[in-house]
Amino acid sequence: EGLSHVHSPRHFSQDDTPAWYYQDDSDSWQGPFRLSELRAWRAMLPMELCVVAGAGSVAGAAIRAGDRRADRDVGGKGDTTLAVLLGDDELLARAAAMDVCLPPRATAAQAEVAINTVMSMRTKHAAAASHGSGTGAFAMASSSAAGAAARVH
């Protein structure tokens, strides 16, 4: 699950030609977009958003032609997620390693906030525990608040 089925970013052109499409919430294809445009929208688009390399791909040709068959063509060599394309797959891995539970449509900006919140709360908890002032109630409250912060963002 997650990003295991997608291709590494090194397989994608890093030039700025309009070559990327994504499928929006109403199942309509949007694009083509430049890589720089997708990078600028990083704080607004979900990291797990499927993006398709349109230039030269079967899916891209079908999308440009308005052909609904593009839906079944996604899964080929030119598709990935926004996280992989923009290098945010490492952010997802970091969140998973820290047990930060991100919502399915989390943006990279939301993931960064959730990770920083959890790190801050864990640091405060560790400091309080090392000074002997930490109590079980504080630990439980911190853990609960950290989980809530990760789920909310």
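Summarised in this report is the structure supplied together with it. Since the structure is predicted, the reported quantities are computational estimates derived from the model, not experimental observations.

On to the overall build of the protein, then. Counting its regular elements, the protein contains seven helices and four strands. When the elements of the protein are put in sequence order from the N terminus, they spell out β-β-α-β-α-α-β-α-α-α-α. The proportion of buried residues among the 153 residues of the protein is 35%. Within the protein, contacts between residues at least 6 apart in sequence are counted, and of these 62% link residues at least 24 apart. Counting only carbon and sulfur atoms, one obtains 55% of the accessible surface of the protein, whose full area is about 8,600 Å².

Once their charged atoms are close, side chains differing in charge can pair, the charge on each being opposite to the other. Counted by the stated rule, this structure contains three salt bridges. A salt bridge links Asp88 to Arg42; its shortest N-O distance comes to 2.8 Å. With Asp88 in the loop between helix H4 (82-86) and helix H5 (89-97) and Arg42 in the loop between helix H1 (35-40) and strand E3 (50-53), the pair connects residues that are 46 residues apart, well separated along the chain. Judged by relative accessible area, Asp88 falls into the buried class, the value being 8%. What makes Arg42 partly exposed here is its relative accessible area of 23%. The partner of Glu112 in a salt bridge is Arg42, and the shortest N-O contact between them spans 2.8 Å. With a gap of 70 residues between them, Glu112 in helix H6 (residues 108-130) and Arg42 in the loop between H1 and E3 connect regions that are remote in the sequence. The network of salt bridges with shared partners includes Arg42, Asp88 and Glu112.

What counts, and at which threshold
Residues numbered from 1 in each chain as written. Predicted model: local features only at pLDDT ≥ 70, side-chain atom pairs only at ≥ 80, totals over all residues. Heavy atoms only, no water. Helix = DSSP H or I, 4+ residues; strand = E, 2+ residues; numbered from the N terminus. Buried < 20%, exposed > 50% of the residue type's maximum accessible area, 1.4 Å probe, protein only. Contact = heavy atoms within 4.5 Å. Areas by Shrake-Rupley, 256 points an atom, 1.4 Å probe, with all protein chains shown as cover. Salt bridge = Lys/Arg side-chain N within 4 Å of Asp/Glu carboxyl O.

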